[in-house]
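Now for the letters of each chain:
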Amino acid sequence: MARLPKNDKVVDIGTIAAALGVSKTTVSRAISGNGRVGAATRQRVQDYVKEHNYTPSVMARGLAMRCSYNISLVISKQFSDFEMPFLRKTMRSVYQVAEDCDYDVLLTLVGENETRPVERLLDNRKDGLILTRTLERDPLIPLLKSRKLPFVAIGRPEDPTVMSVDHDQIGGCRELTSLLLMKGMKRIALLGGTMLYTVNMSRLEGFKQAYDMMDQKIDESLLFLELETDDLRMQAVSQALERKPDCILCMDDRLTLLAMNMLKQQGVRVPQDIRVASLYDSSALAESSPAITAVQFDAYALGRKATQQLLQVLKGREVETRVELGYQVSMRESTKT
């Protein structure tokens, strides 16, 4: 066992965890008596504390209030493909900010109408939680509020009292759609996923606002929403092409790439025969041939700000209820006229 000079300095949870070869979570549970820890491990931690004349640091004093120094990151099962750029970047920034503050992050997957995975988190006591998605009539929000667990929602929850962080989805999508309309693309086919997710609702709202601002009328036959399977997405691209739009506008990067592949297979040239754009950017779209016009939202900044907000609340500090981050529209070769 690594030894420290007695009474030399405050020993924090990270030091104990490193010395004993266990996690900070295990140390906090062993000291606080909260949570499942083996008897032998609990004794090792207690012996170490006693041997080194352990003086509680600010972090350790939190254990007296039954803090676990664990937060949970909740991700929808529908979007649990961690190769998705948005999730990967958001998760990375959450983990980095949490680690810098000596918090561990527990990843939890939930279905659209599931609550049980989060109920287990609440039963096992976590200090706080970050929702990476918000739904219309989200069942998790009233649950978390009733249990009084501090949490931050990434997105735009219906309840204005819920602490949230999001990009200006409406503004970004409104600006891109307005630019397409100004370039003469009046007939825009919009392809998107379920409206259960508030991010898709916001992007649709931005699209509609652009048409209103430009005093243009949306062709309802060119709206293809609720596309939740690849079969539905491919059917939508085919149907859109039959209606001869000026542009295919997709709500996310994966749908955009699928549409581009279908267009190439059918010999439809972009931008010569049709233009293509996306309401969410990724490196794959920027590196595509041709490069795809898109709205850029910084997923790193989103995860970082959400985690910072949560940790500030856990320290007892006041924060803004709703934080809205910016965006950037990148006009690229795919919408050249």
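Structural notes, computed from the coordinates. Keep in mind that this is a model prediction, so the values were computed, not measured.

1. Brief notes about the pattern of salt bridges
(1) Moving on: Under the criterion given, the structure shown has 11 salt bridges.
(2) Moving on: The partner of Asp138 in a salt bridge is Arg133, with the nearest N and O atoms 2.6 Å apart.
(3) Moving on: By relative accessible area, which is 5% here, Arg133 ends up buried.
(4) Moving on: Two residues, Arg137 and Glu136, come together in a salt bridge whose shortest N-O distance is 3.4 Å.

2. As for the pairing of strand S9 (residues 275–278)
(1) Moving on: A two-sided burial pattern is seen for S9, the buried positions comprising Arg275 and Ala277 on one face and Val276 and Ser278 on the other.
(2) Moving on: Here strand S8 (residues 247–250) runs beside S9; their pairing, made up of 4 bridges, is parallel. Counterpart to Ile248 in the pairing with S9 is Val276.
(3) Moving on: Bridge count between S9 and strand S10 (residues 293–296): 2 bridges; the pairing is parallel. Bridged to Ala277 within S10 is Thr293.

3. Overview of the nonpolar core
(1) Moving on: Within the largest apolar cluster, 34 residues are counted, with the highest numbers of intra-cluster contacts made by Ile71, Leu73, Ile130 and Val165.
(2) Moving on: Those elements that provide at least two residues to this core are helix H1 (13–20), helix H2 (24–32), helix H3 (39–51), strand S1 (70–76), helix H5 (85–100), strand S4 (151–154), helix H13 (299–314) and strand S11 (322–325).
(3) Moving on: Residue contacts for Val165: discarding those within four places in its chain leaves Val152, Ala153, Ile154, Gly155, Leu302, Lys305, Ala306, Gln309, Val323 and Leu325.
(4) Moving on: Residues Leu180, Leu181, Ile188 and Leu249 belong to the second largest nonpolar core, which totals 24 residues.

4. Description of the sheet that holds S8
For sheets, the rule is that strands pair by backbone hydrogen bonds, running either parallel or antiparallel.
(1) Moving on: Pairing in this open sheet of 6 strands is mixed, and the strands run S7-S6-S8-S9-S10-S12 from one edge to the other. Of all strands in the sheet, those bounded by a partner on one side alone are strand S7 (223–224) and strand S12 (328–330).
(2) Moving on: Where S10 meets S12, 3 bridges bridge the pair, whose relative direction is antiparallel. Following the sheet pairing, Ala294 is matched in S12 by Ser330.
(3) Moving on: Each of strand S6 (188–191), S8 and S9 touches helix H11 (residues 253–265); the most contacted strand, S9, lies at about 160° to it.

5. Observations concerning the packing of H1 against H3
Packed helix pairs are specified by the crossing angle of their axes together with the interaxial distance, meaning the distance between the axes.
(1) Moving on: Relative orientation of the contacting elements H1 and H3 amounts to 120°, with a least axis distance of 11 Å. For the element pair H1 / H3, the angle class is oblique. Our pair here, H1 against H3, has a crossing hand that is right-handed. Residue-level contacts link Ile16, Ala19 and Leu20 of H1 to Arg44, Val45, Tyr48 and Val49 of H3.

6. Section: H13
(1) Moving on: When the terminal C-alpha atoms of H13 are compared, their 23 Å separation across 16 residues agrees well with the 22 Å that a helix rising 1.5 Å per residue should span.
(2) Moving on: Where H13 is buried, its residues contact S1, H5, strand S3 (128–131), S4, strand S5 (164–167) and S11.
(3) Moving on: Here H13 starts with a cap whose side-chain oxygen sits 3.0 Å from the backbone nitrogen of Tyr300, and that cap is Asp298.
(4) Moving on: Of the residues flanking the end of H13, it is Gly316, one or two places downstream, whose phi is positive at about 85°.

Scoring rules and cut-offs
- Residues numbered from 1 in each chain as written.
- Predicted model: local features only at pLDDT ≥ 70, side-chain atom pairs only at ≥ 80, totals over all residues.
- Heavy atoms only, no water.
- Salt bridge = Lys/Arg side-chain N within 4 Å of Asp/Glu carboxyl O.
- Buried < 20%, exposed > 50% of the residue type's maximum accessible area, 1.4 Å probe, protein only.
- Helix = DSSP H or I, 4+ residues; strand = E, 2+ residues; numbered from the N terminus.
- Pairing = 2+ DSSP bridges.
- Core = buried A, V, L, I, M, F, W, Y, C linked by side-chain atoms within 4.5 Å.
- Contact = heavy atoms within 4.5 Å.
- Axes fitted to C-alpha atoms, helices over the stretch in contact; angles between N-to-C directions.
- Parallel < 35°, antiparallel > 145°, perpendicular 65-115°, else oblique.
- Left-handed = near helix turned anticlockwise from the far one by under 90°.
- Expected span 1.5 Å × (residues − 1).
- Polar contact = N/O pair within 3.5 Å; in protein donor to acceptor, adjacent residues only side chain to side chain.

These figures capture arrangement, not role.
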